[in-house]
Amino acid sequence: MAAPSTDTARKPDATRPAAPARAGRRVRNPLGIFGALSHVALLVWAILIVGPILWTFLSSFKTNTEIFGDAITLPASFGWDAWGRAWEKAHIGQYMLNTVFVVACSTAGTMLLGSMAAYVLARYTFPGNRFIYFLFVSGMTFPVFLALVPLFFVVRNLGLIDTHFGLILVYIAYSLPFTVFFLSAFFKTLPTSVAEAAMMDGCSHTRTFFQIMVPMARPGLISITIFNILGQWNQYLLPIVLLSGNVEDKWLITQGVANISTSAGYEADWPGLFAALSMAIIPVMIIYIIFQRQIQSGLTSGAVK
């Protein structure tokens, strides 16, 4: 018997679905023209921010003649003379150490008191809860310069004028409203089941807060800590009011930078001034670069829980 032919045409399987025809349509950009405009706006904003910072760094290596000449030219030589004058003659190094001490102490106090107050206001119900919360929030609407005169007399009557301790207390007081406002909203997003389980296991309110809730609120705590550091590092009005010229060795870096431009008169050391500004910018920039992911996660985690 002859073998069946193998070259017979195979019929396509009727049950197999036909391959879908590839559409020649282009995938539309969901953002459209508004997305393009937003990217252009962000680019312009980045140039407006990065441009002055870059110009400040470059000007610290120029001479007075080069600074007042063509602004976009590079310095003739990259010397560190202006940085040395700012560090030694203008005492920027000492002012920076004073600033680090004051900001570290005030930020630690702000986060300790602010986190505890925000946790209680967010998780516990008691008479006057909303009144105390709105009292904290109202502190954000009060401009700092309106309270400078009464603040000066209050600090002087306490015997804390021209001291770092008095300045630290004022920093804490002015940083608490935003800290409580931010963290109270963040603590409300945390699950209550974990805290209830800890209380059933015998944890006290204090232990539950420090060992259970604080680690869970770590993204929010890091974010508000960075904001407090940036705000207190760049503060100028409060130090100039509470630390007079009689205690120049206790000045902060903002006072030292301002003193460079005012003490020399017509012989101002502009390269030294820009070098001092660069020294004040670098620590803040490093902190933000290191913790930028934590800041972003802290700002967005409350919205997705």
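Just so it is clear, the model here is predicted, and its values are computed rather than measured.

Asks: Please clarify how the overall build of the chain should be interpreted in this entry.
Replies: On a plain count of helices and strands, the chain comes out with 13 helices and zero strands. Mapped in sequence order, the helices and strands of the chain form the string α-α-α-α-α-α-α-α-α-α-α-α-α. The long-range share in the chain, meaning contacts at least 24 apart out of those at least 6 apart in sequence, stands at 75%.

Asks: Would you take a moment to explain unusual backbone geometry for this structure?
Replies: Excluding glycine, a negative phi dihedral is what most residues carry, and trans is how most peptide bonds are arranged. A positive phi angle is found at His-91, which is not glycine, with a value near 60°. Mapped onto the fold, His-91 is located in the loop between helix 3 (81–88) and helix 4 (92–123).

Asks: Any chance you could explain the nonpolar core here in plain terms?
Replies: Looking at soluble globular proteins, one finds that nonpolar side chains tend to be buried together. In terms of nonpolar packing, the biggest core is built from 36 residues, with Ile-92, Leu-167, Trp-233, Leu-238 and Ile-253 touching the most fellow members. Residues Tyr-119, Ala-122, Leu-221 and Ile-224 belong to the second largest nonpolar core, which totals 19 residues.

Asks: In this structure, what is going on with the environment of Gly-114? I would like to understand it.
Replies: Counting through the fold element by element, Gly-114 comes out in helix 4. In this structure the C-alpha to C-alpha distance between Gly-114 and Phe-182, which are 68 residues apart in sequence, comes to 9.6 Å. Leaving out residues up to four positions away in the same chain, Gly-114 has contacts with Gly-109, Leu-176, Thr-179, Val-180 and Leu-183.

Asks: Just checking my understanding: could you explain the side chain of Gln-235 for this structure?
Replies: Here Gln-235 lies in the loop between helix 10 (218–233) and helix 11 (237–242). Setting aside residues no more than four positions away along its own chain, Gln-235 makes contact with Tyr-171 and Thr-254.

Asks: Just to check I follow, could you spell out the confidence of the model for the chain for this structure?
Replies: When pLDDT drops low, the exact placement of atoms in the prediction is not to be read closely. Per-residue confidence for the chain gives a mean pLDDT of 83; residues scoring 70 or more make up 84%. Mean pLDDT values for the elements of the chain range from 78 in helix 13 (residues 270–304) up to 94 in helix 4. Contacts for the low-pLDDT stretch residues 1–12, under 50 throughout, to residues beyond four places or in other chains number zero contacts.

Asks: Explanation requested: the packing of helix 4 against helix 7 (residues 164–188) in the structure shown.
Replies: Packed helix pairs are specified by the crossing angle of their axes together with the interaxial distance, meaning the distance between the axes. Two elements in contact, helix 4 and helix 7, have axes separated by 6 Å at closest approach and are oriented at 35°. Of the two possible hands of crossing, helix 4 and helix 7 adopt the one that is right-handed. The class makeup of the residues in the contact of helix 4 with helix 7 is 18 nonpolar, 10 polar and two charged.

Asks: Just checking my understanding: could you explain the side chain of Asn-98 for this structure?
Replies: Locating Asn-98 in the fold gives a position in helix 4. Once residues lying within four places of it in the same chain are set aside, the contact partners of Asn-98 are His-164, Asp-249, Lys-250, Trp-251 and Leu-252.

Asks: Mind showing me how you'd approach helix 5 (residues 129–138) here?
Replies: Since the α-helix turns once every 3.6 residues, residues separated by three or four places project in the same direction. Among the residues of helix 5, Asn-129, Tyr-133 and Val-137 are the ones counted as buried. Down the axis of helix 5, the buried set is contained in an arc of 65°. They therefore lie on one face. Exposed side of helix 5, more than 90 degrees from the buried face: Phe-131 and Leu-135 are the residues found there. Lining the buried residues of helix 5 we find helix 4 and helix 7.

Asks: Is there a simple way to explain the packing of aromatic side chains in this structure?
Replies: Two aromatic rings are characterised by how far apart their centres lie and by the angle between their planes. Under the definition given, this model contains 16 aromatic pairs. Note on Phe-178 and Phe-182: the rings are 6.2 Å apart at their centroids and 40° apart in plane angle, and the pair reads as tilted. With Phe-178 and Phe-182 both in helix 7, this residue pair falls four residues apart, about one helical turn. Residue Phe-178 is classed as partly exposed on the basis of its relative accessible area of 32%. The exposure class assigned to Phe-182 is buried, which follows from its relative accessible area of 15%.

Asks: Any chance you could explain the packing of helix 8 (residues 192–200) against helix 9 (residues 205–216) here in plain terms?
Replies: Remark: helix 8 packs on helix 9, axes separated minimally by 10 Å, with the N-to-C direction vectors making an angle of 145°. As for the relative orientation of helix 8 and helix 9, their crossing is right-handed in sense. Residues Val-194, Ala-195, Ala-198 and Met-199 of helix 8 pack against His-205, Thr-208, Ile-212, Met-213 and Met-216 of helix 9. Residues belonging to the contact of helix 8 with helix 9 are distributed by class as follows: seven nonpolar, two polar and no charged.

Asks: How should helix 7 be read in this particular structure?
Replies: Compared with the 36 Å implied by 1.5 Å per residue over 25 residues, the 35 Å span of helix 7 between its first and last C-alpha is a close match. Most pronounced at Leu-176, the bend in helix 7 amounts to some 40°, and the proline Pro-177 follows within four residues.

Asks: Please clarify how a nonpolar patch on the surface should be interpreted in this entry.
Replies: On the surface, Val-40, Val-44, Trp-45, Leu-48, Ile-49, Val-50 and Leu-54 cluster together to form a nonpolar patch covering roughly 690 Å² of accessible area. In this fold, Val-44 is placed in helix 1 (residues 32–59). With relative accessibility at 44%, the residue Val-44 sits in the partly exposed group.

Asks: Sorry, what's going on with the environment of Asn-64 here?
Replies: Mapped onto the fold, Asn-64 is located in helix 2 (residues 64–67). Placed 208 residues apart in sequence, Asn-64 and Gly-272 show a C-alpha to C-alpha distance of 9.8 Å. When neighbours within four sequence positions are excluded, Asn-64 is seen to be in contact with Ala-268, Asp-269, Trp-270 and Pro-271. From its side chain, Asn-64 meets the backbone nitrogen of Trp-270 in a polar contact 3.4 Å long.

Analysis parameters
- Residues numbered from 1 in each chain as written.
- Predicted model: local features only at pLDDT ≥ 70, side-chain atom pairs only at ≥ 80, totals over all residues.
- Heavy atoms only, no water.
- Helix = DSSP H or I, 4+ residues; strand = E, 2+ residues; numbered from the N terminus.
- Contact = heavy atoms within 4.5 Å.
- Core = buried A, V, L, I, M, F, W, Y, C linked by side-chain atoms within 4.5 Å.
- Buried < 20%, exposed > 50% of the residue type's maximum accessible area, 1.4 Å probe, protein only.
- pLDDT = per-residue confidence, 0-100.
- Axes fitted to C-alpha atoms, helices over the stretch in contact; angles between N-to-C directions.
- Left-handed = near helix turned anticlockwise from the far one by under 90°.
- Nonpolar A, V, L, I, M, F, W, Y, C, P; charged D, E, K, R; others polar.
- Arc of directions from axis to C-beta.
- Phe/Tyr/Trp six-rings, centres within 6.5 Å; stacked < 30°, edge-to-face > 60°.
- Expected span 1.5 Å × (residues − 1).
- Bend = angle between axes of the 7 residues up to and from the residue.
- Patch = residues over 30% accessible without salt bridge, like charges linked within 9 Å, V, L, I, M, F, W, Y side chains within 5 Å.
- Areas by Shrake-Rupley, 256 points an atom, 1.4 Å probe, with all protein chains shown as cover.
- Salt bridge = Lys/Arg side-chain N within 4 Å of Asp/Glu carboxyl O.
- Polar contact = N/O pair within 3.5 Å; in protein donor to acceptor, adjacent residues only side chain to side chain.

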